[in-house]
2 protein chains.
Amino acid sequence: MKISKSPISGKSYSIPNTLDDSDEIKKFILNHSDKKIIVVQGLGFVGAVMALVCANSITEEYAVIGVDLPNENTYWKIRSINDGIFPLIADDPKISKFFDNAVANGNFLATYDSLAYQYADVIIVDINLDVQKISDAKDRLKDFDVNLEGFKSAIQSIGKNCREDVLVLVETTVPPGTCDQVVKPIIEEELVKRELPIKNYQLGHSYERVMPGPQYINSIREFPRVYAGISEASADAVEKFLKTIIDISKCEITRLEHTNATEMAKVLENSYRAMNIAFAVEWSRFAEEAGVDLYAMVNAIRARPTHANLMYPGIGVGGYCLTKDPLLASWARKSHFGAKSDLEMSINGVSINDQMPKFAFSRLVEVFGDVSGKKVVFLGVSYRGDVGDTRFTPVESLVKMVRETGAKIVLHDPFVRYWEEQKCNVESDLNGVLDSTIDLIIISAGHSKYKLESTIDKLMSLSPALIYDTIGLFNKEQLLILQSKHKVSVLGRGDLK
Amino acid sequence: MKISKSPISGKSYSIPNTLDDSDEIKKFILNHSDKKIIVVQGLGFVGAVMALVCANSITEEYAVIGVDLPNENTYWKIRSINDGIFPLIADDPKISKFFDNAVANGNFLATYDSLAYQYADVIIVDINLDVQKISDAKDRLKDFDVNLEGFKSAIQSIGKNCREDVLVLVETTVPPGTCDQVVKPIIEEELVKRELPIKNYQLGHSYERVMPGPQYINSIREFPRVYAGISEASADAVEKFLKTIIDISKCEITRLEHTNATEMAKVLENSYRAMNIAFAVEWSRFAEEAGVDLYAMVNAIRARPTHANLMYPGIGVGGYCLTKDPLLASWARKSHFGAKSDLEMSINGVSINDQMPKFAFSRLVEVFGDVSGKKVVFLGVSYRGDVGDTRFTPVESLVKMVRETGAKIVLHDPFVRYWEEQKCNVESDLNGVLDSTIDLIIISAGHSKYKLESTIDKLMSLSPALIYDTIGLFNKEQLLILQSKHKVSVLGRGDLK
């Protein structure tokens, strides 16, 4: 019997051998015969919270079923939800409020059983679609591939079960062209096999802009949306649905002409950000070489509204989106639209970003020398400030390199108790971590807690310690004080005069 | 005897064989013995207007001398200023107001004679510093070089003449490291040769953000500034001076730690913009291939403040700065700071931008077929909307390619009467240009005049005509109407459904 363990509660769940959840689903449906049924496919960082938003919709009451796979990595989420424990740690108080509401109303069920699709008025696709990267020893991107098989079989399970009048709303970030060239043919083929008409279903795409963190719920409920349908009727159906869950008094929803356009807008949006970060990388190195402070320059330049999106230096790009979306786009350009050219700037941007942790490590060695046997504390392991998301965090690569030198590693993060990718625990008591036995402190994520005066005072009082600031935590005055006692280096900042 | 002809008044001036303007300079100095003297080196798009701003300073009255070279391209500017004609056509009413003031006060003289530097309290360096590019047949950048000789000799002429207590303020966009590694040694060497102390002069860098157009004067006088000095005293001197000409109640001035930092900030600022444009290029092609509208996508994405600098599609990058500044930066990284790496993303951005007119031309041929023998009207030749600046305009390359097909070319631009680089006149009467004999209209610059309802009505009434919109002039509704009668193509917009 296989086990799926919750990193949140620590509880282990046995995955059943016989996969039949029909009794639970039928009971749930019966209890909510007066409501429309929404099924969310995928219970990850997007789907789980999207399900909450639907279960707490604005203008209409829904009964929501979340579906995920019964495997070791995801089965615990299903059981956890049904046990009344939300499967994400979040800094947004609305998460627990919305989940408690749903539990009280009994309008949120989780299951692995694709029977659920049979009852759905709306099916929302929130599954992953990954890119396989091949990198060289310097972490430069050499090649990549997009494998749609997992995505296709998920869509197929919808097509095999869905009602003929269902609305399928894809939120997954897909290679442009996917709804039109992949999802539509699969669903129609399955409907035809079941001898059902293909004129009654609706299909649309509306990409999420979910941002884990203190505004997690509002990043869905009160954040501008872009949507499209494969037909006017589909677009109308998507619009009507979105208006029931999104507070349009607080944000706009924008229709584009085609699902190709919304799919492209999503990867364009993320490629733009990834490319801006890659741009900052090159200039960080240049600033270090020229002995000047890139932070000060960026501040001076950002005063111009035309330059407000210029990025600060940093340790690298993480998260599920920016590390792959430019590649999805470039792949689609050739595979779905027959172009001969790649999106060179976008691919190059990903490659530059992928190399950042190596840059950060080589500067560490350059400035602090050999750290083998030293006690090294990392402050922050998630990829972004005030968020407990470690997916593709650049800190992971830096931690590995420092560990490989033979250093003793201590990890701290207020938002991550268990680091799933590294299979290790993370300290959450900052005072317990910051003591005089530390040789080197690496500030590796921009959590607000680290920016508190009390933390900075504590860091400044620790002596003797080396400090490697990869996120620009300290201002110039603090640095000058620190440098009078410690060896301090800041990524993207040349040696102070 | 050599002649220098004004493209503004059409008047020809003979360049004197004996270059001695000392009488005029001495008379001017005598008339203004109560004032501080500012000498502006270079009377181009920046220097000429900077001189006006100094002659109309805020807290202190200056006497201003503009210096340029006595050659065919620039001598007319000197004579023109002294004849009471400002050497630029500008859309900003403040330009003529400020010039009229200076003429009335008699506090603005122009000369070619470097004797002027002897009297200067402040010397402002506003000369050009060019990059030599080598491109392949596809306009891809193959190589480039920066030749500092002209710049060095201009600095030398300052060093040979300046007072030992002068403030030299470099505004020219230079490769980072130039003030410290080039300007400073030259000036000090010349002072030593003249047996003067080197401890009394001040040297700083403060880059301009001059934007020709309706806010020309305010882009100096009321626009945020960044500055630095080679020492604390130099930075103080620069600050004190800037506060006399810039209205600090309307904008901030920011001190950076070193001239390396201000020099880098300038090229970073422009590289950021050039790279953003290059990014849009790739996605324009992708949008065209996928048959979707990049304008609509950009609008939807720009709703996010983090994405507000995302650029629209366009015909290419022009102007004096964005086409070369990323290269200055990359050159300096290796030449002044010993780095082994280029700024790859920045260089790649310039190369992509350089290819844009060729893209625009190939799409023209693809959509409209052979245009040889056709009458083709270009609306707009300058590189930017509402500006009469044709330096490195991408329209030039497109015009050449269309002309080479054997098409009959008509050029229109409300801001350019004479196209200096192409040595030809440009029509300014829009109604005279837009008639029924036109085969193809290319909208090639985003001047407000073209966006007027009356112009759009006129364009929509011309029939039969092909329209190639490279700047996104028409909205979707207008396009649908146009397309019912004409063949219309928009760069960055796929075929409308």
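Residues numbered from 1 in each chain as written. Chains lettered and ligands numbered in written order. Predicted model: local features only at pLDDT ≥ 70, side-chain atom pairs only at ≥ 80, totals over all residues. Heavy atoms only, no water.

1. Description of the overall build of chain A
Phase 1 of the analysis: Tallying secondary structure elements over chain A gives 18 helices and 19 strands in all.
Phase 2 of the analysis: Its C-alpha atoms give chain A a radius of gyration of 24 Å, near enough to 23 Å, the size a compact globule of 497 residues would have.
Phase 3 of the analysis: Taken along its principal axes, the extent of the C-alpha atoms in chain A is 75 × 50 × 45 Å.
Phase 4 of the analysis: Relative to its full complement of 497 residues, chain A shows a buried share of 60%.
Phase 5 of the analysis: Counted over contacts in chain A with a minimum sequence separation of 6, partners at least 24 positions apart contribute 74%.
Phase 6 of the analysis: Per element, the accessible surface of chain A, about 19100 Å² overall, is 48% carbon and sulfur.
Phase 7 of the analysis: Charged side chains of chain A number 57 positive and 66 negative; the gap between the two group centres comes to 3 Å. (Helix = DSSP H or I, 4+ residues; strand = E, 2+ residues; numbered from the N terminus. Rg over C-alpha atoms; globule rule 2.2 N^0.38 Å. Buried < 20%, exposed > 50% of the residue type's maximum accessible area, 1.4 Å probe, protein only. Contact = heavy atoms within 4.5 Å. Areas by Shrake-Rupley, 256 points an atom, 1.4 Å probe, with all protein chains shown as cover. Lys, Arg positive; Asp, Glu negative; His and termini not counted. Charge placed at Lys NZ, Arg CZ, Asp CG, Glu CD.)

2. Details of the relation of the copies chain A and chain B
Phase 1 of the analysis: Note on the copies: chain A fits chain B at an RMSD of 0.0 Å, the axial shift is 0.0 Å, and the rotation between them is 180°. This pairing of chains is accounted for by a two-fold axis. Rotation axis and chain A: the residue whose C-alpha lies nearest the axis is asparagine 309 of chain A, separated from it by 3.0 Å. (Least-squares fit on C-alpha atoms with pLDDT ≥ 70 in both.)

3. Things to note about the packing of aromatic side chains
Phase 1 of the analysis: In this structure the tally under the stated criterion is 22 aromatic pairs over all chains.
Phase 2 of the analysis: Look at tryptophan 283 of chain A and phenylalanine 286 of chain A: their rings are 5.7 Å apart centre to centre, the planes differ by 45°, and that puts the pair in the tilted class. Of this pair, tryptophan 283 of chain A and phenylalanine 286 of chain A both sit in helix 9 (residues 259-290), separated by 3 residues, roughly a single helical turn.
Phase 3 of the analysis: Relative accessible area serves as the criterion here: at 0%, tryptophan 283 of chain A is assigned to the buried category.
Phase 4 of the analysis: Here phenylalanine 337 of chain A and phenylalanine 286 of chain B contribute two aromatic rings whose centre-to-centre distance is 6.1 Å and whose plane-to-plane angle is 70°, an arrangement assigned as edge-to-face. One end of the pair, phenylalanine 337 of chain A, is in the loop between helix 11 (325-335) and helix 12 (344-354); the other, phenylalanine 286 of chain B, is in helix 9 (residues 259-290), on a second chain. With respect to class, phenylalanine 337 of chain A is no different from phenylalanine 286 of chain B; both count as buried.
Phase 5 of the analysis: In textbook terms, an aromatic cluster arises when at least three aromatic residues are bridged by ring pairs, as seen for Tyr272 and Phe337 of chain A together with Phe279, Trp283 and Phe286 of chain B.
Phase 6 of the analysis: One residue, arginine 285 of chain B, lies across the ring of phenylalanine 359 of chain B, its end atom 4.7 Å from the ring centre. (Phe/Tyr/Trp six-rings, centres within 6.5 Å; stacked < 30°, edge-to-face > 60°. Lys NZ or Arg CZ within 6 Å of the ring centre and 35° of its normal.)

4. Overview of the pattern of salt bridges
Residues and elements named next belong to chain B.
Phase 1 of the analysis: In this structure the tally under the stated criterion is 67 salt bridges over all chains.
Phase 2 of the analysis: Between lysine 35 and glutamate 61 there is a salt bridge; the shortest N-O distance is 3.8 Å. Taken together, the residues lysine 35 in the loop between helix 1 (22-31) and strand 3 (36-41) and glutamate 61 in the loop between helix 2 (47-55) and strand 4 (62-67) connect sequence positions 26 residues apart.
Phase 3 of the analysis: Lysine 35 sits in the buried class, given a relative accessible area of 17%. (Salt bridge = Lys/Arg side-chain N within 4 Å of Asp/Glu carboxyl O.)

5. Digging into the nonpolar core
Phase 1 of the analysis: Counting 162 residues, the largest nonpolar core has Ile65, Trp283 and Met297 of chain A together with Ile65, Trp283 and Met297 of chain B as the members making the most contacts within it.
Phase 2 of the analysis: Not counting the four nearest positions on each side in its chain, tryptophan 283 of chain A is found in contact with Leu294 of chain A together with Met264, Val267, Leu268, Ser271, Ala329, Leu343 and Ser346 of chain B. (Core = buried A, V, L, I, M, F, W, Y, C linked by side-chain atoms within 4.5 Å.)

6. Concerning the sheet that holds strand 9 (residues 167-170) of chain A
All names here are of chain A.
Phase 1 of the analysis: Pairing is mixed in the open sheet, where 8 strands are placed in the order 5-4-3-6-9-10-11-12. Every other strand in the sheet has two partners, leaving strand 5 (108-111) and strand 12 (253-255) as the edge strands with one partner each. For this sheet, the mean angle separating the axes of adjacent strands, direction not counted, is 25°.
Phase 2 of the analysis: Direction of pairing for strand 11 (residues 225-229) relative to strand 12: parallel, over a ladder of 3 bridges. Each residue of the ladder has a partner; that of tyrosine 227, found in strand 12, is arginine 255. (Pairing = 2+ DSSP bridges. Axes fitted to C-alpha atoms, helices over the stretch in contact; angles between N-to-C directions.)

7. Considering the environment of isoleucine 277 of chain A
Residue and element names in this part refer to chain A.
Phase 1 of the analysis: Relative to the helices and strands, isoleucine 277 resides in helix 9.
Phase 2 of the analysis: By relative accessible area, which is 13% here, isoleucine 277 ends up buried.
Phase 3 of the analysis: C-alpha of isoleucine 277 to C-alpha of glycine 316: the two residues are 39 residues apart in sequence and 8.0 Å apart in space.
Phase 4 of the analysis: Excluding residues that lie within four positions of it along the chain, isoleucine 277 makes contacts with Met311, Val317, Leu322, Asn353 and Met356.

8. Things to note about unusual backbone geometry
All names here are of chain A.
Phase 1 of the analysis: Not every positive phi belongs to a glycine, and phenylalanine 392 is a case in point at roughly 55°.
Phase 2 of the analysis: Among the structural elements, phenylalanine 392 can be located in the loop between strand 13 (375-379) and helix 14 (394-404).
Phase 3 of the analysis: For lysine 423, which is not a glycine, the phi torsion comes out positive at approximately 50°.
Phase 4 of the analysis: Residue placement: lysine 423 occurs in the loop between strand 15 (418-419) and strand 16 (424-425).
Phase 5 of the analysis: Residue lysine 423 is classed as exposed on the basis of its relative accessible area of 57%.

9. Examining the sheet that holds strand 13 of chain A
All names here are of chain A.
Phase 1 of the analysis: Read across the sheet, 5 strands follow the order 14-13-17-18-19 without closing on themselves; strand pairing throughout is parallel. Unpaired on one side and paired on the other, strand 14 (408-412) and strand 19 (487-490) mark the two borders of the sheet. Between one strand axis and the next, the sheet turns by 15° as a mean value, whatever way the strands run.
Phase 2 of the analysis: Bridge analysis of strand 17 (residues 440-443) against strand 18 (residues 466-469) gives 4 bridges, and the strand direction is parallel. Note that in strand 18 the partner of isoleucine 441 across the bridge is isoleucine 467.
Phase 3 of the analysis: The strands touched by helix 14 within the sheet are strand 13, strand 14 and strand 17, with strand 13 carrying the most contacts at an inclination of about 175°.

10. A word on the interface of chain A and chain B
Phase 1 of the analysis: On the side of chain B, 59 residues touch chain A, which itself brings 59 residues to the contact.
Phase 2 of the analysis: Carbon and sulfur atoms make up 69% of the surface buried where chain A meets chain B, a total of about 5600 Å² over both sides.
Phase 3 of the analysis: Notably, a salt bridge pairs arginine 333 of chain B with glutamate 289 of chain A, separated by 2.8 Å at the nearest N-O pair.
Phase 4 of the analysis: Along the contact surface separating chain A from chain B lie 25 residue pairs in polar contact (both at pLDDT 80 or more).
Phase 5 of the analysis: Of all the elements in the fold, those that place two or more residues in the side of chain A that touches chain B are helix 9, helix 10 (294-302), helix 11 and helix 12 of chain A.
Phase 6 of the analysis: Examining the composition of the side of chain A that touches chain B, we find that 21 residues originate from one element, helix 9 of chain A, more than from any other.
Phase 7 of the analysis: In terms of residue class, the side of chain A that touches chain B is made up of 35 nonpolar, 11 polar and 13 charged. (Buried area = accessible area lost by both parts, 1.4 Å probe. Polar contact = N/O pair within 3.5 Å; in protein donor to acceptor, adjacent residues only side chain to side chain. Nonpolar A, V, L, I, M, F, W, Y, C, P; charged D, E, K, R; others polar.)

11. Things to note about the pairing of strand 11 of chain A
Residue and element names in this part refer to chain A.
Phase 1 of the analysis: Within strand 11, 5 of the 5 residues are buried, which leaves the element mostly enclosed by the surrounding structure.
Phase 2 of the analysis: Going residue by residue along strand 11, you find Arg225, Tyr227 and Gly229 tucked away on one face and Val226 and Ala228 tucked away on the opposite face as well.
Phase 3 of the analysis: Judged from the 3 bridges that link them, strand 10 (residues 202-206) and strand 11 form a sheet pairing that is antiparallel. What sits directly across from serine 206, in strand 11, is tyrosine 227.
Phase 4 of the analysis: Once the chain exits strand 11 it traverses helix 8 (residues 232-245) before rejoining the sheet at strand 12, and the crossover so formed is right-handed. (Right-handed = clockwise from strand over helix to strand, strands pointing away.)

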